[in-house]
Amino acid sequence: LALGASFAHEPLVVSVLLGALAGVFTDRCIPLVAPVFVRAGRFGKDLLKKDRPVIAESLGVVVGVVYFISMFLFIPIPFVESLLRGDRDSFPHDEAGFRGSASVCPSGATADTVRALVQFVPYLAQFLGGLLALFAMLFLGFADDVFDIRWRVKIWFPFIASIPLLMVYFVTYGKTDVVVPIPLRPLLGRTTLHLGVLYYVYIAALCVFSTNAINIMAGANGVEGGQSLVIAASLAANDLMQLRYNPSRRAAHLLSLYFLIPFICVTLGYLRHNWYPARAFGGDTLAYFSGMTFAVVGVLSNLSKTVLLFMIPQIFNFLYSCPQLFHFVECPRHRMPKLNLETGKVEATRFSLEKSKALGRLMVRFLEVFGLVHVTRDKTGKMVDCTNLTIMNLILFWRGPMSERDLVLHIMLVQVMCSVIAFVIRYGLVHIVYNQ
Ligand code: P6L
Ligand code: UD1
Ligand code: MG
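None of these values were measured; they are calculated from a predicted model.

1. Section: the overall build of the protein
What the protein contains, in helices and strands, is 20 helices and nine strands. When burial is assessed residue by residue, the protein has 51% of its 436 residues classed as buried. Considering only intrachain contacts with a sequence separation of at least 6, the fraction spanning at least 24 residues in the protein is 73%. Of the roughly 21,400 Å² that the protein leaves accessible, carbon and sulfur atoms contribute 68%.

2. A short note on the site of ligand 2
Neighbouring ligand 2 are 18 residues; K45, E57, N215, D284 and H334 lie closest to it. A distance of 3.2 Å separates an oxygen atom of ligand 2 from a polar backbone atom of A220. Take H334: an N or O atom from its side chain is 2.7 Å from an oxygen atom of ligand 2. Residue assignment for the shell around ligand 2 shows that the elements contributing at least two residues are β1 (43–45) and α12 (197–216).

3. Points about the coordination of the magnesium ion (ligand 3)
The protein atoms that coordinate the magnesium ion (ligand 3) are N215 (OD1) and D284 (OD), at distances of 2.0 to 2.1 Å. Here N215 is found in helix α12, whereas its partner D284 is found in helix α15 (residues 283–300), with 69 residues between them in sequence. The same class applies to N215 and to D284, which are both buried.

4. Focus: a nonpolar patch on the surface
Taken together, the side chains of W156, F159, I160, I163, M167, F170 and V171 present a nonpolar region at the surface, about 740 Å² in accessible area. Elements supplying a minimum of two residues to the nonpolar patch: α9 (157–161) and α10 (163–172). If you tally residues by element for the nonpolar patch, the top one is α10, at four residues. Tracing the backbone shows M167 in helix α10. Residue M167 is classed as partly exposed on the basis of its relative accessible area, which comes to 47%.

5. Considerations on the sheet that holds strand β9 (residues 383–387)
Across the sheet, which stays open at both edges, the three strands sit in the order β7-β9-β8 with antiparallel pairing between neighbours. Here the strands that pair on one side only, and so sit at the sheet edges, are β7 (350–352) and β8 (375–377). In this sheet, adjacent strand axes meet at a mean angle of 25° when their direction is disregarded. Bridging between β8 and β9 involves three bridges; their strand directions are antiparallel. The partner of V375 across the bridge, within β9, is C386.

6. Here's the deal with the site of ligand 1
Inspection of the region around ligand 1 gives C29, L32, P35, V36, R39, V61, V65, I69, F72 and L73 as its neighbouring residues. A distance of 2.7 Å is found between an oxygen atom of ligand 1 and a side-chain nitrogen or oxygen belonging to R39. Look at ligand 1: alone it shows 1,100 Å² of surface, and the protein chains cover 45% of it. Mapped onto the shell around ligand 1, the elements with two or more residues apiece are α2 (11–39) and α3 (60–74). Along the lines of polarity and charge, the residues of the shell around ligand 1 split into nine nonpolar, no polar and one charged.

7. Observations regarding the nonpolar core
Ranked by size, the top nonpolar core spans 79 residues in total, and within it Y67, F127 and F259 carry the most contacts. Element by element, the count of residues in this core is highest for helix α14 (residues 250–274), at 12 residues. Setting aside its immediate chain neighbours within four residues, F259 contacts Y67, M71, F127, G130, L131, L134, V296, V297 and L300. Counting residues in hydrophobic clusters, the runner-up holds 18 residues, among them M336, A348, M392 and L407.

8. Here's the deal with the packing of aromatic side chains
For the structure shown, the criterion picks out 24 aromatic pairs. Look at F68 and F135: their rings are 4.5 Å apart centre to centre, the planes differ by 25°, and that puts the pair in the stacked class. Residue F68 is found in helix α3, and its partner F135 is found in helix α7 (residues 121–147); the two are separated by 67 residues along the sequence. Classification of F68 by relative accessible area gives buried; the value is 3%. Between the aromatic rings of Y199 and Y202, the centroid separation amounts to 5.9 Å while the plane-to-plane angle is 65°, which identifies the pairing as edge-to-face. Of this pair, Y199 and Y202 both sit in helix α12, three residues apart, which is roughly one turn of that helix. By relative accessible area, which is 5% here, Y199 ends up buried. Judged by its relative accessible area of 26%, Y202 falls in the partly exposed class. Taken together through their ring pairs, the aromatic side chains of Y67, F68, F72, F135, F263, F289 and F294 make up a single cluster. The residue whose ring lies beneath R426 is Y427, and the NZ or CZ to ring-centre distance is 5.1 Å.

9. With respect to helix α19 (residues 391–399)
Among all positions of α19, only I391, M392, N393, L394, I395 and L396 are buried. Of the residues trailing α19, G400 is marked for its positive phi of about 85°.

10. A few points about the confidence of the model for the protein
A residue-level look at the protein finds 90% of positions with pLDDT of 70 or above and a mean pLDDT of 89. This stretch, residues 88–107, has a pLDDT under 50; its non-local contacts, to residues over four places away or in other chains, come to 19 contacts. The ipTM for the predicted assembly is 0.71, set against a pTM of 0.84.

Parameters at a glance
- Residues numbered from 1 in each chain as written.
- Chains lettered and ligands numbered in written order.
- Predicted model: local features only at pLDDT ≥ 70, side-chain atom pairs only at ≥ 80, totals over all residues.
- Heavy atoms only, no water.
- Helix = DSSP H or I, 4+ residues; strand = E, 2+ residues; numbered from the N terminus.
- Buried < 20%, exposed > 50% of the residue type's maximum accessible area, 1.4 Å probe, protein only.
- Contact = heavy atoms within 4.5 Å.
- Areas by Shrake-Rupley, 256 points an atom, 1.4 Å probe, with all protein chains shown as cover.
- Near = heavy atom within 4 Å.
- Polar contact = N/O pair within 3.5 Å; in protein donor to acceptor, adjacent residues only side chain to side chain.
- Donors = N, O, S within 2.8 Å, 3.2 Å for Na, K, Ca; no water.
- Patch = residues over 30% accessible without salt bridge, like charges linked within 9 Å, V, L, I, M, F, W, Y side chains within 5 Å.
- Salt bridge = Lys/Arg side-chain N within 4 Å of Asp/Glu carboxyl O.
- Pairing = 2+ DSSP bridges.
- Axes fitted to C-alpha atoms, helices over the stretch in contact; angles between N-to-C directions.
- Nonpolar A, V, L, I, M, F, W, Y, C, P; charged D, E, K, R; others polar.
- Core = buried A, V, L, I, M, F, W, Y, C linked by side-chain atoms within 4.5 Å.
- Phe/Tyr/Trp six-rings, centres within 6.5 Å; stacked < 30°, edge-to-face > 60°.
- Lys NZ or Arg CZ within 6 Å of the ring centre and 35° of its normal.
- pLDDT = per-residue confidence, 0-100.

What follows is the structure, given as structure tokens:
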């Protein structure tokens, strides 16, 4: 108990310890659960290997469940810490009576006690609201893996899962003003802009974006987990820097870390099995769960712009994909690269432009001018086909065929470089845009 109490003073230390345990647990559980998933029909073929081996899919469920266990265990820690540190004398010894009482200030509990406890309600609400949104997303992601739900239906899943988050934001923080960037101030004639309901639309859109953006930047071993790891680590590094140099928003950055630290740990545990050559796939369960984690952190810690800043490759990949996603041109079921059986290297895949309308062809031509796609033409000069519009195919087009492992390392490198750029923007260029 004494040991527990001394650790309880440092919730961050507890978070790291619990996270490390969760990471080891994830690492151990995946090989145990994988054969069970295969037996239940939850598997996919690894399309970039010679013999297309059967690999258990949807192991994002294990990642998520272990994450929740560690988070549930963590919930009381910051609460206990504050009570032990600051308000020991007012800690309600008659706690049962306090909880059972209908009055606001029950007998035996002083007004100070009530105040001490009430101050934790927003913290608890935020924590539980975030977990509820994540839980909903994990469940819906798994449902999608099992039932292969249509795009036009599943696109609304993150939107539904974001509602608890929006409500918690509304009752605890409720601020819907945004600071106007300095260059735009003369134009708008003000320093802050009241977004009102639009702010909630923006947050719901952020949830839809971050979940799907991770899911469509996928298809090679370790890509989904790898990008999530870099984003989460970058966000955590940003939180630590803010805690060190800008303590004014301490609570928000701590909350962000409490969500991110166990996430980083379970993702590491998962990547040990998903890294090339993969022995387990996360499925859409993992992609949605990861994306929602970033949205939750962005909303609860008021870091939604920072989250987007660390998702530059995902934003690029999404914008680049738009002609295919919105069916201006053909969108095959899989846009991932393909394996060349002779060379053993992966190559860019292509989609046919035969049936594309003029607008779709114009978009492809536009991308071609900027060297962003490779188009093949027939003898008459008519466009026949074009590389699929994903960042992985773009890398393969620019750098030529390479092994799957090299491709994933390229993606990781791009993600890390974009994080460096994001830090430069956040800390170097921010003064041009905001005076902080
Ligand atoms: C042997 C295999 O062929 O796993 C196998 C054993 C089964 O796994 O073994 O059939 P067997 O095959 O003999 C399963 O049965 C383990 O030993 C698979 C279970 C699938 C679980 C998926 C989702 C569970 C949702 C639960 C290790 C299993 C580890 C499972 C990891 C998931 C952890 C669940 C913990 C639940 C929803 C306990 C919760 C306690 C929490 C307390 C927290 C305060 C649970 C929701 C909980 C949310 C927190 C050899 O080759
Ligand atoms: C998204 C992409 C799709 C891409 C797919 C790859 C869009 C619109 N959709 O679809 O283009 O091909 O992800 O995940 O961009 N797989 C591997 N190796 C891996 C990971 C996955 O071979 O490392 C294969 C397996 O067969 C696995 C399947 O991809 O079963 C999973 O695809 P799924 O997640 O169902 O695809 P979507 O998310 O719908
Ligand atoms: Mg997927």
